[in-house]
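# Structural characterization, general
If you want the building blocks of each chain, they are given just below.
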Amino acid sequence: MGFQGRTAVVSGGSEGIGHTVAVRLAAEGANVVLVGRREDALDLAVKGLGPAARGVAGDVADPSTAERAVQLAVAEFGGVDLLVCSPSDSAFGTVLTQPLDQAERMLAVNILGTVSFVRAAGPMMANRPGASVLVISAASARMPAPGLGIFSATKAALNYLVPTWAAELAPLGIRVNGISPGATSTPRLEAASSAAPGLIERLVRTSLVKRIATVDEIADPALLLLDGDRSGFVTGAVWDIDGGYGLDAGQ
């Protein structure tokens, strides 16, 4: 089956891991609808993917953005086969210092934004051969990360929702899986490291491989989980793609 002629909707698709997954899907013959908040970055990303790509500019925290993306995929390509949810709004702050509006924003984007996309795409994916949802979480979801408490909690919620949705959508023939990446070389990590000096060094120390990942190293297992030919018996799983994050005790 592969991805030739399949249609994917990718939220958070204008940069970082979501964008790399979209690029790889397009390279293997998929039609791709990218969703991003920054219109300039989105336009550039769509042009880079070629004629089988479309873009929807909007805030994933607004449910209408998901609805518009799915409607565009159906109108332009006849349906939705694959959904990649790559929400990522993050901000540093402790429980005593983080402004409440920052916490609310992360909850709205990372959790409710993902819920909106699954709700919008699910009916259009029902009973389509190889239908697959991939949710992108983060390694900090399973390890304490001072200063990233709310962000990590939103990602932990996604890890919980993956097997729940897998059970709920199985009768419709839809597989649901997730990946939990460790520190990855993305524009967001670069921005975070500027705001928190020494962040990358700390992340490197907490992994067994002693480095951060490339986006392609995260995209490889992502595509494997999306491909019904290669992972059709996998659903409800969240794969840790984190270089052994948190396992470095005693080294």
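Overview of the structure. (Residues numbered from 1 in each chain as written. Predicted model: local features only at pLDDT ≥ 70, side-chain atom pairs only at ≥ 80, totals over all residues. Heavy atoms only, no water.)

### A few points about the packing of helix H1 (residues 16-27) against helix H8 (residues 215-226)
As a packed pair, H1 and H8 sit with axes 9 Å apart at the nearest point and diverge in direction by 60°. Between H1 and H8, the crossing angle belongs to the class labelled oblique. Like other packed secondary-structure pairs, H1 and H8 cross with a definite hand, here right-handed. The residues of H8 that touch H1, namely those facing Gly16, Ile17, Thr20, Val21, Arg24 and Leu25, are Val215, Asp216, Ile218, Ala219, Asp220, Ala222, Leu223 and Leu226. Its residues placed into classes, the contact of H1 with H8 shows nine nonpolar, two polar and three charged. (Axes fitted to C-alpha atoms, helices over the stretch in contact; angles between N-to-C directions. Helix = DSSP H or I, 4+ residues; strand = E, 2+ residues; numbered from the N terminus. Parallel < 35°, antiparallel > 145°, perpendicular 65-115°, else oblique. Left-handed = near helix turned anticlockwise from the far one by under 90°. Contact = heavy atoms within 4.5 Å. Nonpolar A, V, L, I, M, F, W, Y, C, P; charged D, E, K, R; others polar.)

### Remarks on helix H5 (residues 149-169)
The end-to-end C-alpha distance of H5, which contains 21 residues, comes to 30 Å, matching closely the 30 Å that a straight helix rising 1.5 Å per residue would cover. The largest bend along H5 measures about 25° and falls at Leu161, with the proline Pro163 one to four residues further on. Those residues of H5 that are buried lie in contact with helix H4 (100-125), strand S5 (132-136), strand S6 (175-181) and strand S7 (238-241). (Expected span 1.5 Å × (residues − 1). Bend = angle between axes of the 7 residues up to and from the residue.)

### Description of unusual backbone geometry
The phi dihedral of Asn127 falls on the positive side, at around 65°, and the residue is not glycine. In this fold, Asn127 is placed in the loop between H4 and S5. On the accessibility criterion, Asn127 (60% relative accessible area) is exposed. (Buried < 20%, exposed > 50% of the residue type's maximum accessible area, 1.4 Å probe, protein only.)

### Let's talk about the pairing of strand S2 (residues 31-36)
The buried fraction of S2 amounts to six of the six residues, a majority that puts the element mostly inside the structure. Burial along S2 is two-sided: Asn31, Val33 and Val35 and Val32, Leu34 and Gly36, pointing in opposite directions, are all buried. Where strand S1 (residues 7-11) lies against S2, five bridges are found, and the strand directions are parallel. Bridging from a neighbouring strand, Ala8 pairs with Val32 of S2. Read from S1 through H1 to S2, the crossover connection turns out right-handed. (Pairing = 2+ DSSP bridges. Right-handed = clockwise from strand over helix to strand, strands pointing away.)

### Let's talk about the pattern of salt bridges
By the definition in use, this model includes 13 salt bridges. Measuring nitrogen to oxygen at the nearest pair gives 3.7 Å for the salt bridge that ties Glu15 to Arg38. Pair noted here: Glu15 is in the loop between S1 and H1 and Arg38 is in the loop between S2 and helix H2 (39-49), with a separation of 23 residues, a long-range link. Here Glu15 falls in the partly exposed class, since its relative accessible area comes to 30%. Where salt bridges share partners, they join Arg6, Asp81 and Arg128 into one cluster. (Salt bridge = Lys/Arg side-chain N within 4 Å of Asp/Glu carboxyl O.)

### As for H2
Because each turn of an α-helix spans 3.6 residues, side chains separated by three or four positions in sequence point in the same direction. Of all the positions in H2, only Ala41, Leu42, Ala45, Val46 and Leu49 are classed as buried. Buried residues of H2, seen end-on, are gathered within an arc of 130° and therefore sit on one face of the element. In H2, the exposed residues that point more than 90 degrees away from the buried face are Glu39, Asp40, Leu44, Lys47 and Gly48. Tucked inside the fold, the buried residues of H2 contact H1, S2 and strand S3 (53-57). Of the residues trailing H2, Gly50 is marked for its positive phi of about 100°. (Arc of directions from axis to C-beta.)

### Here we look at the packing of H4 against H5
Contact geometry for H4 and H5: axes closest at 10 Å, N-to-C directions at 15°. By the angle class used here, H4 and H5 are roughly parallel. H5 is crossed by H4, and the crossing has right-handed handedness. Residues Ala103, Met106, Leu107, Asn110, Ile111, Thr114, Val115 and Val118 of H4 lie in contact with H5, whose contacting residues are Ile150, Phe151, Thr154, Lys155, Ala157, Leu158, Trp165 and Leu169. Across the contact of H4 with H5, the residue classes break down as 12 nonpolar, three polar and one charged.

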